[in-house]
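Close look at the chain arrangement
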Amino acid sequence: MLDDTLFLALETISLNKQALIFASTRSIAEKTAEDISLKTSFFFPELATQVLKGISSPTKQCHRLSSCVKKGIAFHHAGLTSKQKELVEEEFRKGTIKIICCTPTLAMGMSLPAFRVIIKSLKRYSGKWGMDWIPVLEYLQMAGRAGRPEFESYGEAISLAKTELDSLDIYNRYICGQPEDIYSKLAVEPVLRTYLLSLISTEIANSRTDLLNFFSKTFWAHQFKDMEKIGVIIDRMLLLLKDFGFIEFSSNNSADFVAANQLAENYFIRATLIGRRVSELYLDPVTANHLICGLNKSSEINLTPFSFLQLISHTLENYPLLKVKVKEFEEVQEQLLLKKAQFLENEPSVYDLDYDEFISSVKTALFLEYWINESEEDFLLEKFDIRPGEIHVKLEVADWLLYSTAELARLLKLQSILKDLNKLRIRVKKGVKEELLPLLQLKGIGRKRARKLFNRGIRNLGDLNTVDLTTLSQLLGTTLALDLKKQLGAEIKPVPEKQTLGQLSLKKY
DNA sequence: TCTCTTCATTTCTAGACAGCATGTC
DNA sequence: CTAGAAATGAAGAGA
């Protein structure tokens, strides 16, 4: 037998049923899908073209998916465009796609039941110890996809074991084992401090007592049991928030001044103006402080778009950062040196535990910089190993963080920076160089078309106004050309009423 | 000297959701 | 404490 997975997959197809195959990494998921697709006799050319639809320049990954889908097989992981993911899910539900090879995410999200679930491996790379068994909960999530109650009375969940011993291990651990406890997500510090600030900012809680009271009712406290310890953690967070200037304490007794490291029960706590905005923006206070520190440094450095891109890249919100591979390390460091004067934060020492993250943030910023200099997606895939799906996630986060940074800059009265930030935000959103910005004001003009126009010497609305319709039609097609002229007419001289009226009255007769 | 093969060594590994206001190719 | 696929590199074969 060639390969267990392949065999099971083909058998499922011959039973005229569908299967989900869980793989531990993206590349394995893709490879498995490809292998199976080579053995099927389905043929859905229209699906294959649909995968590529809506992508200006399909990457290698897109083509790979396309050729799998053509044979009724698909892979599914976070690197896919959301549209591609939707397509795969929908076609699987419809029954066109027979098998999806995916990473464990699919189990967490959408409900996609299948007759058979095949789990290639129950181990997964975990940063700390190398390969490790996945949680029982996750196994249950995956296995739970087996069987579609509307169509079948049962389903099959198959786990593959390498050896006899492994199979025993899997049986004991997953089939007989107990799922592990659910730990309250509140316990994660970034969530906790965000939550804390929001409670204070919305005035649900005004004192330490209020807060403790509130948390004592949460699932977190229920698990933690030790309220005293919770108090200590909350105190630490409160002091942090105070240090950041997001909250302030005051005492009823005005003679009392607030000691640096002590919190009395009765202090009145409230959010500052900036603290409230941070909470509204749903930023992690640590991120917000990081952004503010950066902004305050803006006058001391050689400020460029890269400065902001790096600043926003080095935040929790941007996780996971683009990993710097061994081969790339030197190049990234070279860039780091080259751009030394542009950084809004201090470079940590090489020995710092944080250094890897810092380097990764530089890579992420470099990726964004290439993007706003109009690099194509397949180029980015090659250079940064970032898949189309991830590109869009990163851009969305960057947009959000730039918006937040701009809001903070506004509160800090840094008007001069505000303009830069707004420009940068548009550039990130559209992926264009600054020179194209005037053209982007028009509807129907994005990065591609604007570049086309610009290269023809049409660089702003004025140029566009003088260029004749024929040339414009040749460049962009008649419909769009006419529409653009109409937009320009409306914008530049808002009194073309005469013509309109004339035409209307002509029609009358 | 150059190309193709093969075997050994090294590298790399899953991912989601938040604000805001609408229209990309 | 643990894995395994893919990329890369080095050595070897053939021409």
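Bear in mind the structure is a predicted one, so any value in this text is a computation, not a measurement. (Residues numbered from 1 in each chain as written. Chains lettered and ligands numbered in written order. Predicted model: local features only at pLDDT ≥ 70, side-chain atom pairs only at ≥ 80, totals over all residues. Heavy atoms only, no water.)

**A closer look at the protein's contact with DNA strand B**
As a structural note, the neighbourhood of DNA strand B is formed by 31 residues, with Arg26, Pro320, Lys325, Gly446 and Arg447 the closest of them. Glu396 places a main-chain nitrogen or oxygen 3.5 Å from a base oxygen of DNA strand B. Within the backbone of Gly444, an N or O atom sits 3.4 Å from a phosphate oxygen of DNA strand B. Looking at the surface near DNA strand B, the elements that each hand over two or more residues are strand E5 (123-126), helix H19 (388-411), helix H20 (415-430) and helix H21 (447-455). The element best represented in the surface near DNA strand B is H19, accounting for four residues. In terms of residue class, the surface near DNA strand B is built from ten nonpolar, seven polar and 14 charged. (Near = heavy atom within 4 Å. Polar contact = N/O pair within 3.5 Å; in protein donor to acceptor, adjacent residues only side chain to side chain. Helix = DSSP H or I, 4+ residues; strand = E, 2+ residues; numbered from the N terminus. Nonpolar A, V, L, I, M, F, W, Y, C, P; charged D, E, K, R; others polar.)

**With respect to the packing of helix H14 (residues 285-296) against H19**
The angle between the axes and the distance between the axes are what describe a pair of packed helices. Where H14 contacts H19, the two axes come as close as 10 Å, and the packing angle between them is 60 degrees. When the axes of H14 and H19 are compared, the pair comes out oblique. With respect to the hand of their crossing, H14 and H19 are arranged in right-handed fashion. Contact residues: Thr287, Ala288, Leu291, Ile292 and Leu295 in H14; Leu401, Thr405, Leu408 and Ala409 in H19. Of the residues belonging to the contact of H14 with H19, the class tally is seven nonpolar, two polar and no charged. (Axes fitted to C-alpha atoms, helices over the stretch in contact; angles between N-to-C directions. Parallel < 35°, antiparallel > 145°, perpendicular 65-115°, else oblique. Left-handed = near helix turned anticlockwise from the far one by under 90°. Contact = heavy atoms within 4.5 Å.)

**As for the nonpolar core**
Residues Leu238 and Phe246 are the most contacted members of the largest nonpolar core, which totals 73 residues. Summarising the domain contributions, this core has at least three residues from each of domain 2 (185-280) and domain 3 (285-430). Residue contacts for Phe246: discarding those within four places in its chain leaves Leu197, Leu241, Arg270, Ala271, Thr272, Ile274, Gly275, Val278, Pro285, Ala288, Asn289 and Ile292. Judged by nonpolar contacts, the second largest core, of 48 residues, contains Leu6, Leu8, Ile73 and Ala107. (Core = buried A, V, L, I, M, F, W, Y, C linked by side-chain atoms within 4.5 Å. Buried < 20%, exposed > 50% of the residue type's maximum accessible area, 1.4 Å probe, protein only. Domains from an automatic or database assignment.)

**Focus: helix H2 (residues 26-37)**
A rise of 1.5 Å per residue sets the reference length of H2, with its twelve residues, at 16 Å; its end C-alpha atoms lie 17 Å apart and thus fit the reference within 8%. Ala29, Glu30, Thr32, Ala33, Ile36 and Ser37 are the residues of H2 that are buried. Projection of H2 onto a plane perpendicular to its axis shows the buried side chains occupying an angular sector of 165 degrees, all on one side. (Expected span 1.5 Å × (residues − 1). Arc of directions from axis to C-beta.)

**Section: the confidence of the model for chain A**
Of all residues in chain A, 92% have pLDDT values of 70 or greater, and the mean over the chain is 85. Note on residues 492-509: pLDDT under 50 across the span, and five contacts to partners over four residues away in sequence or across chains. (pLDDT = per-residue confidence, 0-100.)

**Topic: unusual backbone geometry**
Omega for the peptide link from Tyr319 to Pro320 comes to -10 degrees, which places this bond in the cis form. Tracing the backbone shows Pro320 in the loop between helix H15 (305-313) and helix H16 (326-338). Positive phi values are uncommon outside glycine, yet Tyr282 reaches one of about 65 degrees. Checked against the element boundaries, Tyr282 lands in the loop between helix H13 (273-280) and H14.

**Brief notes about the packing of helix H9 (residues 189-201) against helix H12 (residues 227-244)**
At a closest axis distance of 10 Å, the pairing of H9 and H12 adopts a crossing angle of 70 degrees. One way to sum up the angle between H9 and H12 is to call them roughly perpendicular. In the packing of H9 onto H12, the handedness of the crossing is right-handed. Together, Glu189, Leu192, Arg193, Leu196, Leu197 and Ile200 of H9 and Ile233, Ile234, Arg236, Met237, Leu238, Leu240 and Leu241 of H12 make up the contact between the two elements. Tallied by class, residues from the contact of H9 with H12 come to ten nonpolar, no polar and three charged.

**Examining the sheet that holds strand E2 (residues 73-76)**
Spatially, five strands are ordered E2-E3-E1-E4-E7 in an open sheet, and the strand pairing comes out parallel. Looking at the sheet topology across the chains shown, the edges are occupied by E2 and strand E7 (156-159). Neighbouring strand axes in the sheet, compared pairwise and without regard to direction, differ in orientation by 15 degrees on average. Both strand E4 (residues 116-119) and E7 contribute to a ladder of four bridges, which runs parallel. From the neighbouring strand, Val117 faces E7, where its bridge partner is Ala157. Against the sheet, helix H5 (residues 82-94) engages strand E1 (19-22), E2 and strand E3 (99-102), with an angle of about 135 degrees to E2. (Pairing = 2+ DSSP bridges.)

**Regarding the protein's contact with DNA strand C**
As a structural note, the neighbourhood of DNA strand C is formed by Ile28, Lys31, Trp129, Met131, Lys162 and Lys327. Between DNA strand C and Met131, the relevant distance is 2.8 Å, taken from a base nitrogen to a main-chain nitrogen or oxygen of the residue. In this structure, a phosphate oxygen belonging to DNA strand C sits 2.9 Å away from a side-chain N or O atom of Lys327. When its residues are assigned to classes, the surface near DNA strand C shows three nonpolar, no polar and three charged.

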